[in-house]
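# Fold and geometry: a report
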Amino acid sequence: MCSKESKFPNAEKIYSIFEVPTDLIKRGKVQTPLEFGHKVFLAESAQGLITQYEVLEGTLAMINRWSLPWNAHKETFGHAPELYGSDRGFFSETNVKSCKRNGVKVVCIPQRGGQKTPTRAKYENSPDFKKGQRFRAGIEGRISVLFRGRA
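Residues numbered from 1 in each chain as written. Predicted model: local features only at pLDDT ≥ 70, side-chain atom pairs only at ≥ 80, totals over all residues. Heavy atoms only, no water.

### Some details on the overall build of the chain
To be explicit about the condition: Where helices and strands are cited, they refer to DSSP runs of H or I of at least four residues and of E of at least two residues respectively, numbered from the N terminus. Only protein chains enter the accessibility calculation, which uses a 1.4 Å probe. A residue is then buried if its area is under 20% of the maximum for its type, exposed if over 50%, and partly exposed in between. The contact criterion used is simple: two residues touch if any of their non-hydrogen atoms lie within 4.5 Å. Residue exposure ignores everything except the shown protein chains as possible cover, and the areas themselves are Shrake-Rupley values with a 1.4 Å probe.
Of regular secondary structure, the chain possesses five helices and six strands. Reading the helices (α) and strands (β) of the chain from amino to carboxyl end gives β-β-β-β-α-α-β-α-β-α-α. With 151 residues in all, the chain has 32% of them scored as buried. Within the chain, counting contacts between residues at least 6 apart in sequence, those at least 24 apart form 33% of the total. Carbon and sulfur atoms make up 55% of the accessible area of the chain, which amounts to about 11100 Å² in all.

### Some details on the state of the cysteines
Operational definition: Note on terminology: disulfide denotes any pair of cysteine sulfur atoms within 2.5 Å.
Taken as a whole and assessed by the stated rule, the structure comprises zero disulfides. The structure places no disulfide on Cys-99, whose sulfur is separated from the nearest cysteine sulfur, that of Cys-108, by 9.3 Å. By relative accessible area, Cys-99 is classed as buried at 0%.

### With respect to the packing of aromatic side chains
Basically, it comes down to this: Geometry of aromatic contacts follows a simple scheme: Phe, Tyr and Trp rings, the Trp one being its six-membered ring, pair when their centres are within 6.5 Å, and the pair is stacked under 30 degrees between planes, edge-to-face over 60, tilted otherwise.
Taken as a whole and judged by the stated rule, the model has one aromatic pair. Consider the rings of Tyr-123 and Phe-129, whose centres lie 5.4 Å apart with planes at 70°: the pair is edge-to-face.

### Quick notes on the pattern of salt bridges
Note the cut-off: A pair is scored as a salt bridge if a Lys or Arg side-chain nitrogen falls within 4 Å of a carboxyl oxygen belonging to Asp or Glu.
Taken as a whole, this structure holds two salt bridges when the rule is applied. Here Lys-116 ties to Glu-124 by a salt bridge, and the two come within 2.6 Å at their closest N and O atoms. A salt bridge links Glu-124 to Arg-120; the nearest nitrogen and oxygen atoms lie 2.9 Å apart. With Glu-124 and Arg-120 both in helix α4 (residues 118-124) and four residues apart, this pair spans about one turn of that helix.

### A closer look at the pairing of strand β4 (residues 50-56)
The test is simple: A pair of strands counts as paired when DSSP detects no fewer than two bridges linking them.
Across six bridges, strand β3 (residues 39-44) lies against β4 in antiparallel orientation. The partner of Val-40 across the bridge, within β4, is Val-55. Taken together, β3 and the strand that follows it, β4, pair antiparallel across an intervening segment of five residues, in which Gly-48 is found at a positive phi of about 90°.

### Re the nonpolar core
The following threshold applies: Take the buried residues of types Ala, Val, Leu, Ile, Met, Phe, Trp, Tyr and Cys, join any two whose side-chain atoms come within 4.5 Å, and each joined set is a nonpolar core.
Residues Phe-41, Ala-43, Leu-56, Ala-80, Tyr-84, Phe-90, Phe-91, Val-96, Cys-99, Val-104, Val-107 and Ile-109 constitute the largest nonpolar core, which totals 12 residues. When residues of this core are traced back to their parent elements, those giving at least two are β3 and α3 (93-101).

### Things to note about the confidence of the model for the chain
This is how it is decided: pLDDT measures how confident the predictor is about each residue, on a scale from 0 to 100.
Across the chain, pLDDT averages 77, with 74% of residues at or above 70. Model confidence for the chain, summarised as mean pLDDT per element, is weakest for helix α1 (residues 61-64) at 54 and strongest for α4 at 94.

### Structural notes on the side chain of Glu-44
Among the structural elements, Glu-44 can be located in strand β3. By relative accessible area, which is 12% here, Glu-44 ends up buried. If we skip the residues at most four places from it in the chain, Glu-44 touches Leu-49, Ile-50, Thr-51, Phe-135, Ile-139 and Arg-142.

Following this line, the structure appears as C-alpha cells:
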C-alpha cells in the first residue's frame, strides 16, 4: 500500500549528497526545465576582465541582489558603466529605472513575461540593445570556461 508523499518546501530538500547546499533552478527551458546547482553573478568590464563575482543562494537571488553591481563598479572605476547587459532574471521596471538613475547610458535587460509595448519592442530591436545582448552572450562563454577549469 502506497501512501501519499508529504510535501516539503524546496529549500528544505537535499538535491546532492556531494554538495548539500545545491539549489533547484527552474530555468523555463523545454528540454531541461529543472537544473541543479547554483546561480552565479559575474560582472565584466568592456575589456573582458571579470571585475566581480558571487555565488547566489536561492532562485530569485538575482533580482533581490540588484544593488550589488553598482557599488562595486563605482568603487573600482569611479563611475557607472556606459552599457549594462544582463539576462531576463534582472528585468523589472524598478531595475531599469535604477540603471538610468545611476548613470548607465544603454540598459540592455530583456523584458521577462507579459506583452511588450510597441516602444519596448522597438527598443529591444535597436542596434544598441542588440550590442549589449551580444556582449552579455560573450559572458556565457567565459562562464563555461570557468566551470570547465574547475572540474
